[in-house]
2 protein chains.
Amino acid sequence: MFIDILRNKGAYPNARCFHGHNGPKPITVWCSNDYLAMGQHPAVIAAMEGALHDVGAGSGGTRNIGGNTHFHIELENELADLHGKQGALLFTSGYVSNDATLSTLAKILPNCVIFSDELNHASMIAGIRNSGAEKRIWRHNDVAHLEELLAAEDPNVPKLIAFESVYSMDGDVAPIHAICDLADKYNALTYIDEVHAVGMYGARGGGISERDEAAHRIDIIEGTLGKAFGVMGGYITADSKIIDVIRSYAPGFIFTTSLSPVLVAGVLASVKHLKSSSAERDAQQAAAAMLKQKFRDAGLPVMDTTTHIVPLMVGDPVRAKKISDILLAEYGVYVQPINFPTVPRGTERLRFTPGPAHTEAMMAELTEALLEIWDRLELQLKQAA
Amino acid sequence: MFIDILRNKGAYPNARCFHGHNGPKPITVWCSNDYLAMGQHPAVIAAMEGALHDVGAGSGGTRNIGGNTHFHIELENELADLHGKQGALLFTSGYVSNDATLSTLAKILPNCVIFSDELNHASMIAGIRNSGAEKRIWRHNDVAHLEELLAAEDPNVPKLIAFESVYSMDGDVAPIHAICDLADKYNALTYIDEVHAVGMYGARGGGISERDEAAHRIDIIEGTLGKAFGVMGGYITADSKIIDVIRSYAPGFIFTTSLSPVLVAGVLASVKHLKSSSAERDAQQAAAAMLKQKFRDAGLPVMDTTTHIVPLMVGDPVRAKKISDILLAEYGVYVQPINFPTVPRGTERLRFTPGPAHTEAMMAELTEALLEIWDRLELQLKQAA
């Protein structure tokens, strides 16, 4: 059963939980991907309310037949600008952007071989599989292995390297420049999934590729509108030629009702805000650093990450669920256990996503709760740092 | 280029068009799939505004990790009830419901053979292809051909018959009972796509399967929340066992941010309203009948349909586009030409979707405009009826 909640707009991470109770019970959400709490930002809410009253609930059609609103066009321009690309294309979700783009691209490039990081997201794997193209899996973030595989291939076949910037479950970051160096050397296209980075990294929220000044080296940047931007939907940005190809040939783009204009208006406000404001990014980084430090100080097995993602390794699915259940039932803390197939067996964990709205008091309470549960379940603590 | 519009909430089918102009120009929309104008219904708008202020813009996560709101659960219960099934499952779009369900189901049933109507939607074709299962294409709505194919198959392999109730471009209807008779005889599962029927047919809007009292004979009913229900999203309903399988194994369901609670709250209001009100359905049928009659009386080549869809056959992509361009530029009438691959070459058409908000005066103006254009382009009229 999925945990049944309603978040409290304006008071997030506070929420109501309907799980195992007759009425709603107050909880604190620690596992949301609304990383910057933009889902409750006044500018986003106002834009959505405005669109709702101006144009109504849904788009009423596909992009080609009646469902292309002025908001869609504005947002595509805004996203292209965010990543310094010629064009952008909206999809109903990040999942669909990966699936539709990768499967279409690899079908169109004759005999294309796709080089895929072994920890790529399920939606990239789906797109690669659905393309029918040959694929080579390289060991996670291992550029030596990637080069080995690239070098073994016929120099004349089209090649596409697909990877993520921030890996969501380990919170580690891809060596973008090193990968682009290989792409240059072996004449490969590059495709980066920035869903756990857009809005959060780079001076304007353009992701790790902006932070590392590598966006111009990447052919296709894919992102989501449902995590740091706080709403829903997905997109790609690229040069005009690639955008035109995907727009013209991807069934997952063509044959589907376009994003509700209400959502698009909200995202537009969110992207614009995060382009000019770094306060949310700074507060998120501060919150993540503080939570990691508190976990380390308490001897809790926090995984080393260089990002905003704070995973606590448990290494066992039953215990991970047990900890999560106690946190919810006794402490009003909601954090979902992460199990196979989302992570490999034996690496089950709790994944915390502190953001600008999580206070130091919440973190102290959480750490206390975890220490009590660790003791109750006779789990091991590390030597306190 | 897609036609760039904003609809006028409360005054639909009136809208603003930004196409080829410096500022917005007023138009009338004739090709929306917001069939019942529920996208501007006060109950839907109020529910969305309420949710926006109560819980915020997005869900913040997948259904399993933080993105399962109380609205999602309520809506799934409401949809299961609508179709008389044990359970329902929401997806981010109708496209994704078809792709995810068909591909997962056929992977799970060992050696499954799928029998697919030749005019099935691109999303069903994608799901069937992505499943990797064997498929047999039966001629459109031809049950004799379907039986021939079923009879030729090994009686012991699992079989799935996939079809639509209302075919969106021809506006014709599948012989559901005859198909279910064959499913019984040859022990096949049945999957029906009701996206162009839910909300619009049956006493409670349960679709053609409700109208024809056949819902209990269908294993899986798939629908959309983005057409007659006026918002965005997709779903399936089925018995609990099938729902559990799709929920547990379909990557397109598991690994994606769930529908925004704002959308879900709007759909909930829409579905509830259309369960108890037939006024919108009756008005849509009256509008469709009136427009068909006006077209027939004028000698325009309207295709015979038994549904709310009113296609005007042109039979040539250049002319269809030309007519559409003149309508938009000179008459402020927006109707998209429908070309290959959405319809077969040589059957290019204009597809009108009159609804409760299209007045007789609008229809008279439209008919006059078409007659003038027919004359200008020297197209043939039929003998007036």
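Attention in this report is confined to the structure presented alongside it. (Residues numbered from 1 in each chain as written. Chains lettered and ligands numbered in written order. Predicted model: local features only at pLDDT ≥ 70, side-chain atom pairs only at ≥ 80, totals over all residues. Heavy atoms only, no water.)

What holds strands together in a sheet is hydrogen bonding between their backbones, with the strands either parallel or antiparallel. All names here are of chain B. Here we have 7 strands laid out as an open sheet, ordered 4-10-9-8-7-5-6, and mixed in their pairing. Taken across any chain shown, the strands that pair with only one partner, and hence form the sheet edges, are strand 4 (87-91) and strand 6 (134-138). Sheet twist, expressed as the mean angle between neighbouring strand axes with direction ignored, is 20 degrees. Two strands pair when backbone bridges link them, and strand 5 (residues 113-117) and strand 6 are joined in this way by 5 bridges, in the parallel orientation. Paired with Phe115 across the bridge in strand 6 is Arg136. (Pairing = 2+ DSSP bridges. Helix = DSSP H or I, 4+ residues; strand = E, 2+ residues; numbered from the N terminus. Axes fitted to C-alpha atoms, helices over the stretch in contact; angles between N-to-C directions.)

Moving on, we come to the relation of the copies chain B and chain A. With an axial shift of 0.0 Å and an RMSD of 0.0 Å, the rotation relating chain B to chain A amounts to 180 degrees. On this basis, the relationship between the two copies can be described by a two-fold rotation axis. Among all residues of chain B, the one whose C-alpha sits closest to the rotation axis is B:Asn130, at a distance of 2.9 Å. Of the interface residues in chain B, 100% have counterparts in chain A that sit at the interface too, so the contact is made through matching surfaces. (Least-squares fit on C-alpha atoms with pLDDT ≥ 70 in both. Contact = heavy atoms within 4.5 Å.)

Moving on, we come to the pairing of strand 7 (residues 159-164) of chain A. Residues in a regular strand point their side chains to alternate faces of the sheet. Residues and elements named next belong to chain A. In terms of residue burial, strand 7 counts as a mostly covered element, since 6 of its 6 residues are buried. Side chains Lys159, Ile161 and Phe163 of strand 7 all project onto a buried face; the interleaved residues Leu160, Ala162 and Glu164 project onto the opposite face, where all are buried too. The sheet contact formed by strand 5 (residues 113-117) and strand 7 spans 4 bridges and is parallel. Residue pairing in the sheet places Ile114 in a bridge with Leu160 of strand 7. Viewed along the sheet, the connection from strand 7 through helix 6 (residues 176-186) into strand 8 (residues 188-193) turns out right-handed. (Buried < 20%, exposed > 50% of the residue type's maximum accessible area, 1.4 Å probe, protein only. Right-handed = clockwise from strand over helix to strand, strands pointing away.)

Residues and elements named next belong to chain A. In the contact formed by helix 2 (residues 70-83) and helix 10 (residues 261-276), the axes pass within 9 Å of each other and the chain directions differ by 30 degrees. Taken together, helix 2 and helix 10 sit at an angle that is classed as roughly parallel. Between helix 2 and helix 10 lies a crossing whose hand is left-handed. Only Pro261, Val264, Ala265, Val267, Leu268, Val271, Lys272 and Lys275 of helix 10 make contact with helix 2, whose side of the interface consists of Phe71, His72, Glu74, Leu75, Glu78, Leu79, Asp81 and Leu82. (Parallel < 35°, antiparallel > 145°, perpendicular 65-115°, else oblique. Left-handed = near helix turned anticlockwise from the far one by under 90°.)

Counting across every chain of the model gives 9 aromatic pairs over all chains. Each ring, one from A:Phe2 and one from B:Phe253, has its centre 6.1 Å from the other, and the planes form 35 degrees; the classification is tilted. Of this pair, A:Phe2 sits in the segment before strand 1 (5-7) while B:Phe253 sits in helix 9 (residues 251-254), each in a different chain. Both residues of the pair, A:Phe2 and B:Phe253, belong to the buried class. Put simply, the rings of A:Phe2, B:Phe91 and B:Phe253 pair up and form one aromatic cluster. Against the face of B:Tyr12 rests B:Arg7, its NZ or CZ located 4.6 Å from the ring centre. (Phe/Tyr/Trp six-rings, centres within 6.5 Å; stacked < 30°, edge-to-face > 60°. Lys NZ or Arg CZ within 6 Å of the ring centre and 35° of its normal.)

Now for the side chain of A:Arg351. Residues and elements named next belong to chain A. Counting through the fold element by element, Arg351 comes out in strand 14 (residues 349-352). Asp170 provides the closest opposite charge to the buried, unpaired Arg351, separated from it by 8.7 Å. Polar contacts involving the side chain of Arg351 include one to the side chain of Asn33, which spans 3.3 Å. Separated by 2.7 Å, the side chains of Arg351 and Tyr35 make a polar contact. (Lys, Arg positive; Asp, Glu negative; His and termini not counted. Salt bridge = Lys/Arg side-chain N within 4 Å of Asp/Glu carboxyl O. Polar contact = N/O pair within 3.5 Å; in protein donor to acceptor, adjacent residues only side chain to side chain.)

What follows deals with the pattern of salt bridges. Throughout the structure, instances matching the rule amount to 40 salt bridges over all chains. One salt bridge in this structure joins A:Arg136 and A:Glu134, with 3.2 Å as the shortest N-O distance. Between B:Arg136 and B:Glu153 there is a salt bridge, with the nearest N and O atoms lying 2.9 Å from each other. Highlighted residues: B:Arg136 in strand 6 and B:Glu153 in the loop between helix 5 (143-151) and strand 7 (159-164), separated in sequence by 17 residues.

Of the residues lining the interface, 69 residues belong to chain B; the matching set on chain A comes to 69 residues. Buried area between chain B and chain A, summed over both chains or domains, comes out near 5800 Å², and the portion from carbon and sulfur atoms is 60%. Linking chain B with chain A are 2 salt bridges, by the criterion used here. Between A:Arg16 and B:Asp54 there is a salt bridge whose closest N-O contact spans 2.8 Å. Our enumeration of links across chain B and chain A arrives at 31 residue pairs in polar contact (both at pLDDT 80 or more). Secondary-structure elements contributing two or more residues to the side of chain B that touches chain A are strand 1 (5-7), helix 1 (42-55), helix 2 (70-83), helix 3 (94-108), helix 4 (122-131), helix 9 and helix 10 (261-276) of chain B. Ranked by residues supplied to the side of chain B that touches chain A, first place goes to helix 1 of chain B with 8 residues. Looking at the side of chain B that touches chain A, its residues break down into 29 nonpolar, 27 polar and 13 charged. (Buried area = accessible area lost by both parts, 1.4 Å probe. Nonpolar A, V, L, I, M, F, W, Y, C, P; charged D, E, K, R; others polar.)

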